[in-house]
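# Architecture and fold: a report
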Amino acid sequence: MTNTFSGTEFSSTDLAQFIDHTLLKPEATAADVQATVDEALGLGTYSVCVSPNMLPLQLPDSASLKIAAVCGFPSGKHASSIKAAEAALAVMQGAHEIDMVIDVGAAVEGEFGKVEADIAAVRQAVPAPTILKVIIESAALNDEQIVAVCRAAAAAGADFVKTSTGFHPAGGASVDAVRLMSETVAGKLGVKASGGIRSREVALAMIAAGATRLGVSGSRAVLSEGAADSESAGY
């Protein structure tokens with residue numbers, strides 16, 4: 001679940017392999033999504049993350065780019081059976097990874113068994129090798145709730161915990177939340193930082209705190225900023 005790069009002297013190629021290049025705006029068109037896919041291919045990001053109704057995507061046969069789709073997005077206030085069906089359909093249509101949103105209210109209420117059952121329902125619908133990431137909206141939770149939700153995700157068989165949708169008014173990823181999530185899962189799950197990562201400096205700070213994947217919409221700016229290899233990489 002972990003990347004092994006250390007320090008801050010990443011090439012753009014290294015950093016790109018942490019990135020899920022993301023387009024989840026509700027007004028996004030099919031042309032916008034195709035442009036995002038083309039940009040991800042050009043930048044060499046690990047994956048592209050899109051809304052499920054934009055699937056299937058058209059990729060070159062030789063492409064190694066992974067496809068991620070969101071589930072129960074952005075509120076998480078969907079029946080578990082609906083989330084499971086949405087995830088299963090996305091995988092049928094080509095998604096390699098699913099980023100699901102928990103019921104944040106259940107976590108706030110301390111109903112962590114309910115959170116675990118919700119995640120488990122999606123996990124059952126999309127078993128391995130599909131990668132399941134669990135969006136916890138860390139900015140809306142206190143430290144104890146973050147720890148408990150991460151433990152629920154691990155117990156339910158998830159592959160990653162993820163900070164944020166990027167749509168919650170409480171905010172997106174923070175270094176403190178990423179560090180706490182990383183300490184809690186202790187290398188058994190990956191940690192995805194998402195929401196508000198708009199510079200190379202912030203991206204590297206999230207990685208230093210323990211992030212093993214980054215959700216980024218402005219990937220070109222993040223990868224080009226201060227990168228000595230940007231010209232040779234064609235950015």
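Residues numbered from 1 in each chain as written. Predicted model: local features only at pLDDT ≥ 70, side-chain atom pairs only at ≥ 80, totals over all residues. Heavy atoms only, no water.

### So, the overall build of the chain
Looking only at helices and strands, the chain features 9 helices and 8 strands. Here the chain has a C-alpha radius of gyration of 17 Å; the compact-globule value for 235 residues is 18 Å, and the two agree. Taking the principal axes of the C-alpha coordinates as reference, the chain spans close to 50 × 35 × 30 Å. Taking the contacts inside the chain whose residues are at least 6 apart along the sequence as the reference set, 68% of them involve residues at least 24 apart. Where the 16 positive side-chain charges of the chain centre and where its 26 negative ones centre are 3 Å apart. (Helix = DSSP H or I, 4+ residues; strand = E, 2+ residues; numbered from the N terminus. Rg over C-alpha atoms; globule rule 2.2 N^0.38 Å. Contact = heavy atoms within 4.5 Å. Lys, Arg positive; Asp, Glu negative; His and termini not counted. Charge placed at Lys NZ, Arg CZ, Asp CG, Glu CD.)

### Looking at the layout of surface pockets
Looking at the largest pocket, its volume works out to about 470 Å³. Contributing to the lining of the largest pocket are 23 residues, with Thr22, Thr165, Gly166, Val216 and Ser217 lying nearest its centre. The set of elements that each furnish at least two residues to the lining of the largest pocket consists of strand 1 (19-23), helix 2 (30-43) and strand 8 (213-216). In terms of residue count, the dominant contributor to the lining of the largest pocket is strand 1 (3 residues). (1 Å grid on protein atoms, 1.4 Å probe; cavity = no way out; pocket = protein on both sides within 12 Å on 5 of 7 lines; lining within 4 Å. Points joined across faces, edges and corners; volume = space filled by probe spheres on them.)

### Regarding the packing of aromatic side chains
Between two aromatic rings, the relevant description is the distance of the centres plus the angle of the planes. Counted according to the given criterion, the structure contains 1 aromatic pair. Geometrically, the ring pair formed by Phe73 and Phe167 is edge-to-face, given 5.3 Å between the ring centres and 85 degrees between the ring planes. A residue pair is termed long-range when its members are at least 10 positions apart, and Phe73 in the loop between strand 3 (66-71) and helix 3 (80-92) and Phe167 in the loop between strand 6 (160-162) and helix 7 (175-185) qualify at 94 residues. Looking at Phe167, the relative accessible area reads 42%, which means it is partly exposed. (Phe/Tyr/Trp six-rings, centres within 6.5 Å; stacked < 30°, edge-to-face > 60°. Buried < 20%, exposed > 50% of the residue type's maximum accessible area, 1.4 Å probe, protein only.)

### Some remarks on the confidence of the model for the chain
Scored by pLDDT, the chain has a mean of 93; 92% of the residues are at 70 or more. Every residue in residues 1-7 scores below 50 in pLDDT, and together they form 13 contacts with partners more than four places removed in sequence or on other chains. Confidence over residues 228-235 falls short of pLDDT 50; this stretch has 12 contacts with residues more than four positions distant or in other chains. (pLDDT = per-residue confidence, 0-100.)

### A short note on the pattern of salt bridges
Tallying each qualifying case throughout the model produces 14 salt bridges. The partner of Glu97 in a salt bridge is Lys133, and the shortest N-O contact between them spans 2.5 Å. Taken together, the residues Glu97 in strand 4 (residues 97-101) and Lys133 in strand 5 (residues 131-135) connect sequence positions 36 residues apart. Taken individually, Glu97 and Lys133 each receive the classification buried, so the pair is uniform in this respect. In this structure, Asp159 and Arg123 form a salt bridge, with 2.8 Å as the shortest nitrogen-oxygen distance. (Salt bridge = Lys/Arg side-chain N within 4 Å of Asp/Glu carboxyl O.)

### Things to note about helix 6 (residues 143-155)
A rise of 1.5 Å per residue sets the reference length of helix 6, with its 13 residues, at 18 Å; its end C-alpha atoms lie 18 Å apart and thus fit the reference within 8%. Within helix 6, burial applies to Gln145, Ile146, Val147, Ala148, Val149, Cys150, Ala152 and Ala153. Residues of helix 6 that are buried in the fold lie against helix 4 (104-108), helix 5 (112-125), strand 5, strand 6 and helix 7. A distance of 3.1 Å separates the backbone nitrogen of Glu144 from a side-chain oxygen at the start of helix 6, and that oxygen is part of Asn142. Positive phi shows up at Gly157, right after helix 6, with a value of about 90 degrees. (Expected span 1.5 Å × (residues − 1). Polar contact = N/O pair within 3.5 Å; in protein donor to acceptor, adjacent residues only side chain to side chain.)

### What about the pairing of strand 7 (residues 190-194)?
Among the 5 residues that make up strand 7, 5 are buried, leaving the element largely enclosed by the rest of the structure. Here strand 7 shows two buried faces, one formed by Gly190, Lys192 and Ser194 and the other by Val191 and Ala193. As judged from the 3 bridges shared by strand 6 and strand 7, these two strands associate in the parallel manner. Note on strand 7: the bridge partner recorded for Val161 is Val191. One crossover worth recording links strand 6 to the parallel strand 7 by way of helix 7, and it is right-handed. Two elements, strand 7 and strand 8, share 3 bridges in a ladder whose sense is parallel. Bridge pairing links Ser194 to Gly215 in strand 8. (Pairing = 2+ DSSP bridges. Right-handed = clockwise from strand over helix to strand, strands pointing away.)

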